[in-house]
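# Understanding the architecture of this molecule
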Amino acid sequence: MIDMDAVTREIEVGRAELAASDKAILSPATRTRIWEAMLDPQDDEASYRHRIELKMACVRHVLHLWDRAFPGDGRVEEMLALAQELIDQRADVRQAERRAKTFVTDVFDEVDDYNAITQPAVFVADAASHTASSACHRNPDYDTVDDDDTDDDELLPDSLETSYGCSGAAAGALNWQPIEETDVSARRAFWTWYLDVAIPQVLAG
């Protein structure tokens, strides 16, 4: 059973961190503590599903930024469908990992001009790819960060953790980029939605 009081406490810590951050950053250490609180010690499968469903919700929240750059291109939706198939154990894990990697590699190859339209779309693609590849690993602790001093940008360039990639898409910039290039209000709005809406909805089923 999930300790919802612990989840609420960690979300409150996240809200305080977000409010204190000029750049509207929610650190991986804080997110990790929330994810750990979301675990059901009696049900690894439910914990795994919650982890992937939260990622899928994040991608859907910024999907319009992909559609703006790639109208009519359903590849991000295909990644979300693949993640659902993996949750339901209806997809081959090795093939799914290859598909996820190929998708994001293809997008990087297709984009020559990284601008205010294409860069957020690439972040969405990377987040969708990470969602599908993460779903291949039925380990509820897959995304946890052990070192509280680690920031998201230290984990580059291998992959952007889904929620971080989606926050970058919303803001049009990653945390390391200058604040002048960042839509801070959009990033703050994304993390506020993540804490106040996405997590409770996922846990409510």
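See the structure shown above.
All of these numbers come straight from a predicted model, not from anything done at the bench. Residue numbering note: each chain is counted from 1, following its sequence as written. Only residues with pLDDT of at least 70 get local features here, since the model is predicted, and only at 80 or more are side-chain atom pairs given and counted; chain-wide, interface and lining totals rely on the full set of residues. Think of the side-chain values as coming from all heavy atoms in the structure, minus any hydrogens and water.

## Details of the packing of aromatic side chains
The aromatic pairing rule takes the rings of Phe, Tyr and Trp, using the six-membered ring of Trp, and pairs them if the centres are within 6.5 Å, calling planes under 30 degrees apart stacked, those over 60 edge-to-face and the rest tilted. By the definition in use, this model includes six aromatic pairs. Summarising the aromatic geometry, the rings of Phe190 and Trp193 are spaced 5.5 Å apart at their centres and angled 45 degrees between planes, so their arrangement reads as tilted. Taken together, the positions of Phe190 and Trp193, both in helix α9 (residues 184-204) and three residues apart, correspond to about one turn of that helix. For the ring pair Trp191 and Tyr194, a centre distance of 5.2 Å and an interplane angle of 90 degrees mean the geometry is edge-to-face. Of this pair, Trp191 and Tyr194 both sit in helix α9, three residues apart, which is roughly one turn of the helix. Each residue is assigned to one of three classes by its accessible area relative to the maximum for its type, calculated with a 1.4 Å probe on protein chains only: buried under 20%, partly exposed between the two thresholds, exposed over 50%. For Trp191, a relative accessible area of 1% gives the class buried. Tyr194 sits in the buried class, given a relative accessible area of 1%. By the ring-pair criterion, three or more aromatic residues cluster together here, those being Phe190, Trp191, Trp193 and Tyr194. Only DSSP runs of H or I covering at least 4 residues are called helices, and only runs of E covering at least 2 are called strands; the numbering of each starts at the N terminus.

## With respect to the nonpolar core
To form a nonpolar core, buried Ala, Val, Leu, Ile, Met, Phe, Trp, Tyr and Cys residues must be joined to one another through side-chain atoms within 4.5 Å. Core analysis: the largest hydrophobic core is formed by 59 residues, its most contacted members being Trp66, Tyr194 and Ile199. By definition, residues are in contact when any of their heavy atoms lie within 4.5 Å. Excluding anything up to four places from it in sequence, Tyr194 contacts Leu26, Arg31, Trp35, Leu54, Cys58, Ser163 and Ile199.

## Considering the side chain of Asp40
Position of Asp40 among the secondary structure elements: in the loop between α2 (28-37) and α3 (44-61). Nearest to the buried, unbridged Asp40 among oppositely charged side chains is Arg49, at 12 Å. Only four residue types enter the charge count: Lys and Arg as positive, Asp and Glu as negative, with His and the chain ends excluded. We define a salt bridge as a contact between a side-chain nitrogen of Lys or Arg and a carboxyl oxygen of Asp or Glu at a distance within 4 Å.

## Overview of the pattern of salt bridges
Should the charged atoms of two oppositely charged side chains come close, the side chains can pair. For the structure shown, the criterion picks out 11 salt bridges. Arg33 is the salt-bridge partner of Glu10, the closest N and O atoms lying 3.9 Å from each other. On the criterion of sequence distance, the pair formed by Glu10 in helix α1 (residues 4-20) and Arg33 in helix α2 is long-range, its members being 23 residues apart. A relative accessible area of 29% means that Arg33 is categorised as partly exposed. A salt bridge links Glu161 to Arg31; the nearest nitrogen and oxygen atoms lie 3.0 Å apart.

## Side note on the state of the cysteines
When two cysteine sulfur atoms lie within 2.5 Å, the pair is treated as a disulfide. Using the criterion set out here, one finds zero disulfides in the structure. Of the cysteine sulfurs around Cys58, a residue in no disulfide, the closest is that of Cys166, at 5.2 Å. A relative accessible area of 0% means that Cys166 is categorised as buried.

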